[in-house]
Structure formats: C-alpha cells, structure tokens
Amino acid sequence: MASYLATGCSRGLELALVARLATLPKTEVGTILATARQDHSPQLTEIASTSSGRLQIVKLHVTDESSVKEAVAVVERQLQVKGLDYLVNNAGVSDWSPTGLEGMDNLNEMFNINATGTHLVSRLPATSVQRRQESNNQHVRTAGGN
C-alpha cells in the first residue's frame, strides 16, 4: 500500500493524478497527500471527501520555506515511521507575453516557483523519500504550467 505526496494539486495534471490515485484499491494506494497553496479547491475537496480518508489536503506554498517545513511536519505525522513512497513535484506556473521575454516582468517569480520550489520540497530529508531505498521522486512539468 503505497503513499504519495503530490504538489500543485488544486487543478490540472496533479488534480487528475490524485483523482485517479483515489480510485485505486487501498491495497495499491494507501495514503495520498495532495498539496495546494490554498485549501479551497472545490474539486480537490470533493475528491478528498469521497476518498474514505485516504486523500489528505496539505496546505503548501512551494516557494515559502516555512510553509514547506510545516507541510513536511504534517506529512511526517500522517505517515509516522512508514516513510513516503512517491513524491511527485508538479507545482508550477507559466506565463506568456506577446512581446516575448522583453515583455515578461515576472520571470524571477516563475523561476522561483518552477525551479526553487521544486528544490525546496525535494531537498528536505523530512519528506521521507530519502529514507526508503525503493522510493521514487518525480518532477513533472507541462508546457502550459499547472
């Protein structure tokens, strides 16, 4: 019974991932920790409410180190000594400017979310992925952001 932590679950690809994981038998997927900056995504809340307690919503802003540490504490309490089997890092944003890079005034913010945020979540040994030899750490990016 595997455990999953997925970032960026309020919409898009990760929302679809955790929705699918929640439909799998408990013998395959035991715990799903779905993170989001805000915990008021109606779709994510609906999935959690129908998951028989297997999907927990964890508030996490990937660019805020204190938020990452708080989320890690929640994850550790939830998993106790079992450790985490899968970390799927997908929190991200994308922007488009008709004038290209010269028209983008938020490139640093995008880099901070897409690269630094992934790093902050992945580097903390408390995420438990490093504790299990057979665990997996996946970084997912899509062309349109999340």
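Provided above is the structure to which this section pertains.
Everything in this summary refers to the structure shown in the same document. The shown structure was predicted, so the numbers you read here are calculated from the model rather than taken from an experiment. Numbers given for residues are sequential positions, taken from 1 along each chain in its written order. The predicted origin of the model limits local features to residues at a pLDDT of at least 70 and limits the giving and counting of side-chain atom pairs to 80 or more, whereas totals for whole chains, interfaces and linings rest on all residues. Working from all heavy atoms in the structure, the side-chain values ignore hydrogens and water.

It is worth spelling out unusual backbone geometry at this point. Within the chain, S52 stands out as a residue other than glycine whose phi angle is a positive 55°. Per the convention used, a helix needs a DSSP run of H or I reaching at least four residues, while a strand needs a run of E reaching at least two, with both numbered from the N terminus. As for its placement among the helices and strands, S52 is situated in the loop between α2 (42-49) and β3 (55-59). For the exposure calls, accessible area comes from a 1.4 Å probe over protein chains only, and a residue counts as buried if that area is under 20% of its type's maximum, exposed if over 50%, partly exposed in between. Judged by relative accessible area, which is 73%, S52 ranks as exposed.

Packed helices, taken two at a time, are described by the angle between their axes plus the distance between the axes. At their nearest, the axes of helix α1 (residues 12-23) and α2 sit 10 Å apart, and the two run at 10° to each other. Between α1 and α2, the angle is such that the two are roughly parallel. α1 and α2 meet at a crossing whose hand is left-handed. Counted together, L15, V18, A19 and A22 of α1 and Q43, L44 and I47 of α2 form the full contact between these two elements. Residue type decides the class: Asp, Glu, Lys and Arg count as charged, Ala, Val, Leu, Ile, Met, Phe, Trp, Tyr, Cys and Pro as nonpolar, and the leftover types, Gly among them, as polar. Residue composition of the contact of α1 with α2, by class: six nonpolar, one polar and no charged. Inter-axis angles, ranging from 0 to 180 degrees, are taken between N-to-C directions of lines fitted to C-alpha atoms, where helices are fitted over the stretch in contact. Angle categories are assigned with fixed cut-offs, so that under 35 degrees is roughly parallel, over 145 is roughly antiparallel, 65 to 115 is roughly perpendicular, and the rest are oblique. The handedness criterion is simple: a crossing whose near helix is rotated anticlockwise from the far helix by less than a right angle is left-handed, and one whose near helix is rotated clockwise is right-handed. Note on contacts: a residue pair is in contact if any heavy atoms of the two residues lie within 4.5 Å.

Turning to the layout of surface pockets, a few remarks are in order. Looking at the largest pocket, its volume works out to about 290 Å³. Note on definitions: the grid is 1 Å and covers protein atoms alone; a cavity is a set of points where a 1.4 Å probe fits but cannot get out; a pocket is an open set with protein on both sides within 12 Å along at least five of seven lines; lining residues have an atom within 4 Å of a point. In this structure, the largest pocket is lined by 18 residues; those nearest its centre are G8, S10, R11, A36 and R37. Of the residues contributing to the lining of the largest pocket, the split by class is six nonpolar, ten polar and two charged. Grid points are joined across faces, edges and corners, and a volume is the space filled by probe spheres set on the points.

Okay, the packing of aromatic side chains next. Each Phe, Tyr or Trp ring (for Trp, its six-membered ring) is paired with any other whose centre lies within 6.5 Å, and the angle between the two planes then decides the class: stacked below 30 degrees, edge-to-face above 60, tilted in between. Applying the stated rule across the entire model yields one aromatic pair. Aromatic pair Y4 and Y86: ring centres 4.6 Å apart, planes at 15°, arrangement stacked. Here Y4, found in strand β1 (residues 2-6), pairs with Y86, found in strand β4 (residues 86-89); they are 82 residues apart in sequence, far enough to count as distant. A relative accessible area of 27% means that Y86 is categorised as partly exposed.

This part is about the environment of H40. In this structure, H40 sits in the loop between β2 (29-36) and α2. What makes H40 exposed here is its relative accessible area of 54%. Spatially, the C-alpha atoms of H40 and S10 are 8.2 Å apart, while their sequence positions differ by 30 residues.

Between its first and last C-alpha, α1 extends 17 Å over twelve residues, near the 16 Å set by a 1.5 Å rise per residue. Residues E14, L15, V18, L21 and A22 constitute the buried set of α1. Along the axis of α1, the buried positions cluster into a sector of 125°, meaning they face one direction only. Exposed side of α1, more than 90 degrees from the buried face: R20 and T23 are the residues found there. Residues of α1 that are buried make contact with β1, β2, α2, β3 and β4. Helix span is expected to be 1.5 Å times the residue number reduced by one. The reported arc concerns the directions from the helix axis to the C-beta atoms and nothing else.

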